[in-house]
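# Notes for the structure review
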Amino acid sequence: MKNKIEKTSDNTWFVRIIHWFFQKCSAVICYCPWTCIILTTVLTLGLSLKIPFTRMENDISDFTPFGARSRAELQKYRKFFNNHGEPKAIYAFITSKVGDNMLGISQLNDTVHVLDKISRDFYLKTSDGPKNFEEYCSGFCLLNEPVRHFYSGMLISGQHGTDFSHLDLGYPVTTVLGTKLYMDPNFFGVKVATENNKIESKQEPNNIREVSLVVLQLRSELGDEVKAEDLRNYEHQILDYIHEAGLTLLPFLVIGFTIMAVFSSITFVVSAYYLQQLNGYKVVLAVMACVCPFMACGASLGAMFYAGFRFGSILCVTPFLVLAIGVDDSYLMVNAWQRITCHRRKNGRFESVNAELKHRITEMFIETGPSITITTITNVLAFGVGATTPAAEIQLFSIGNALAVTADFVFTITFYGALMAVVGKYEIAQELKNTKTLPGAETPSETSSTGSVTSSEPEDCKFRRIIAKICNFLTNTWVCSVVLGLLAVYWYICIVGTVNIKSELSPNKLFLAESNIVEIFKQRKTHIIPYYSACWILVENPGDINDPSQRGKLEGLIQSFESIPSANGRYSTKFWLRDYEDFLKQSEDIDLPIEEEDEELAIEFSVNGSQVVTPSQPFGQGNELRQFLEWPEFSFWKGFIQINESTYQMSKFLVTTAYHGAELVDWSNRAKLLNEWRAVADQEKYRSLNVTVYEEDAKFLDLIETMSPVAIQSALWTFASMFVVAALFISHPPTLFVATFSILSTSLGVFGIMSWWGADLDPIMMSATVMSIGFSVDIPSHVSYHFYQTAKETTDIRRRLQMTIEAVGFPIFEASLSTTQKIDSKIKETTSSINGHCGYSSDLILKY
């Protein structure tokens, strides 16, 4: 083996270190293979036991970049509710199975039944005992009352006819027994009747003709008395009642493993049969080639959880990704072993099984060691670059994958290498038993560093003749010219596609196609987002609301939001001050009885607006706001207002208003609208009010602006990292240039072709791009390195190309096919693992 090291002394210093390292590893593995297998198995079991006992934790804000404005907005929004977290909500999207119209007594009866069922029959565990929604809700308990009243109005109308003065089943404003109800937050896909088919500013009485979707929103403030796990269990009770339990990742794991095991077994058997080395242990090696990556993944994830890392559902993708990388390394090792065995059988002579085993294992590791190492380094660096992205979830994903790939490198050497030593010892013993070595046979010839055999091996093999013809074709001048021309066209297409790629979000990519969440996104996109995109406006310093000028300033703020071109207008705004102004006006118009002028009087209002005079503090003493909030018809405003309990002065409040536009179905346009809201809030004249806007999806919308710069930065860092890695293995400048240029071409092609294919730049594509580039750069790296090594054998280009294909052609072909299968299924596996991750797990879709 000393001659072998001397023969490769013209390698780079890094490759020489790798050769020395793998030579030592082969000695240890051959000396105690079973010890290596047992130790790695025990280590895997010990670390993997942590996984089932680690609770999965997901936070939708983890997709939001650090420093994004939406993080500060979310914190202020949460602080408004006394740091209990933003109000938790369950949304029920109710549609009709028969046609699209929900405007019927039976449909609305079922809707109210669902509302009653969820509100009363499911109990949330709290520190004060189990409570249903009606018992634990606060602040936003009446959000669905318009649906109840509308249904009641339909029953009254059907029984007693219609009196427009007390009953108007209209849209957006419904009037039931003198009470005005705004239906736009609950009714969607509404078609209304107009006079003479003209849209007038005045709403026609009973104008609703069709409602496609009814949305129920069970929203409440939850404090520290409710644990997150108990809340999840409560939500799942409701989901399990409405729907069957969702799919888990286990079927995908089993199916993915089975496909890869069968594929590996077939390719191993075909290769072994062709080289006359077929035995039952080849199938064992094929199956264990798929087991080894799962072992490494279990050990690495378990170690992460022991170290305190969070178990995010996105890490469920890691086993499939590591499987793709680990199996490729096994292909290289088994292919090298079989070629070395074939060469030793024809040209070698051996007397000791152990000595021959050590020779072949060392040859195999020295040949494949640099390839395995370059695969590991390139993928670790690719994921290391991903770990620098500003989104916590992508960081966790990248760190987990980088650690798993590193663990797979170690397990491939120790576990799989030891398994090959055990199987190899059996094969060599069979050779020694069945084959008689001639006394005068020549000494074994060495295998080249590329794994190709020396010139003493016959060249008339049919397989080699085919490869030789292919190499002659590829090195033809005309063929090279055509390839370069096609390459130029490819670069042009990819550059145009990359430049025109659009940053966009597609949440439906996060879920399985048959998931109910996908149907919810469809309903939102069709009926809600284009017509009712809600904005929450938080005013943290409202000032003295008893001052008319200050109230005018607050009114001007809200009018500024209503003046944005896409605003729905005043009717969609839920602003307590306007009801308060009406309340004050009604109070001033009341004539008090003369005999009671000397008493301290105040006014109470009943539900139907009747006025009752009772003794209390007179107006002007700061009790107007208390009276306003105590009036039953206005009591729901308590959820939008924070009061200083000692002085009963307003400290902050919330306002909601809505926007419309067909273009809002694109998340990038919603991001632009969010920036318009922020521009209004940042105006100098409103700065003293300390205004903040909140949008439920802002945590995703802020990601859009960062995706393009992050993608460019990641691509550049990946390219630079791959160049450094290639330089560690290849010292020949022209070969280094070709290898690096191939990597750049691959990266450019991934972005460009995906853009032409219609894909947008979103977090899923960014993750998939990093993975695909990591997979793709392995192939040009392997080819370039082995081509570089052939220069030690010959200077003939055709012969060097043929030697390269013989060394890595078949394992690269295996790796390409297996990676294609895995990437195709990985999209489904990714969506399954992230299902429910983005905070939509509480959404229901019901059809009646």
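Thresholds applied
Residues numbered from 1 in each chain as written. Predicted model: local features only at pLDDT ≥ 70, side-chain atom pairs only at ≥ 80, totals over all residues. Heavy atoms only, no water. UniProt positions renumbered as here; feature names shortened; annotations may be inferred. Disulfide = S-S within 2.5 Å. Buried < 20%, exposed > 50% of the residue type's maximum accessible area, 1.4 Å probe, protein only. Pairing = 2+ DSSP bridges. Helix = DSSP H or I, 4+ residues; strand = E, 2+ residues; numbered from the N terminus. Axes fitted to C-alpha atoms, helices over the stretch in contact; angles between N-to-C directions. Contact = heavy atoms within 4.5 Å. Core = buried A, V, L, I, M, F, W, Y, C linked by side-chain atoms within 4.5 Å.

- Per an unreviewed UniProt entry, the protein goes by the name SSD domain-containing protein and belongs to Caenorhabditis remanei.
- Per UniProt, the comment on the protein under Sequence similarities (unreviewed entry) is "Belongs to the patched family."
- Database annotation for the protein, UniProt heading Subcellular location (unreviewed entry): "Membrane".

### Some remarks on the state of the cysteines
- Under the counting rule described, the total for this entry stands at 1 disulfide.
- Covalently, Cys-137 is tied to Cys-141 through a disulfide, its sulfur atoms 2.1 Å apart. Linking Cys-137 and Cys-141, the disulfide has an S-S dihedral of approximately 120° and is accordingly described as right-handed.
- Assessed through its relative accessible area of 14%, Cys-137 is described here as buried.
- In this model Cys-32 remains outside any disulfide bridge; the closest cysteine sulfur is found in Cys-36, 4.4 Å from its own.

### Considering the sheet that holds strand E9 (residues 533-539)
- The strand order across the open sheet formed by 4 strands is E12-E13-E9-E14, and the pairing between neighbours is antiparallel. Bordering the open sheet on either side are strand E12 (641-644) and strand E14 (691-694), each of which pairs with just one other strand. Neighbour-to-neighbour, the strand axes of this sheet turn through a mean angle of 15°, independent of strand direction.
- Bridge analysis of E9 against strand E13 (residues 649-659) gives 7 bridges, and the strand direction is antiparallel. Bridging from a neighbouring strand, Ala-534 pairs with Ala-658 of E13.
- Of the strands in this sheet, E9, E13 and E14 touch helix H17 (residues 548-562), which is tilted by about 20° from E13.

### Section: the nonpolar core
- In terms of nonpolar packing, the biggest core is built from 65 residues, with Trp-576 and Leu-625 touching the most fellow members.
- Residue contacts for Leu-625: discarding those within four places in its chain leaves Ile-545, Trp-576, Tyr-580, Ile-643, Tyr-648 and Met-650.

### Considerations on the pairing of E9
- Burial within E9 is extensive, with 6 of its 7 residues counted as buried.
- Note: E9 against E14, 4 bridges, orientation antiparallel. Counterpart to Leu-538 in the pairing with E14 is Thr-692.

### Some points on the UniProt feature "transmembrane region" (unreviewed entry) in the protein
- Mapped onto the present numbering, the UniProt feature "transmembrane region" (unreviewed entry) falls at residues 20-47, 249-275, 281-301, 308-327, 402-423, 473-493, 710-729 and 736-758.
- Split by type, residues 710-729 is 100% helix and 0% strand. Its first and last C-alpha atoms lie 29 Å apart.
- Here residues 736-758 is 91% helix and 0% strand, with 34 Å between the C-alpha atoms at its ends.

### Some thoughts on the environment of His-786
- Checked against the element boundaries, His-786 lands in helix H23 (residues 763-789).
- You can call His-786 buried: its relative accessible area is 2%.
- In sequence terms His-786 and Leu-801 are 15 residues apart; their C-alpha atoms lie 9.2 Å from each other.

### Comments concerning the environment of Pro-146
- When you line up the elements, Pro-146 lands in helix H7 (residues 145-160).
- Each C-alpha atom of the pair Pro-146 and Met-183 lies 6.4 Å from the other, and the pair is 37 residues apart in sequence.
- Aside from chain neighbours lying at most four places away, what touches Pro-146 is Leu-181, Tyr-182, Met-183 and Asn-186.

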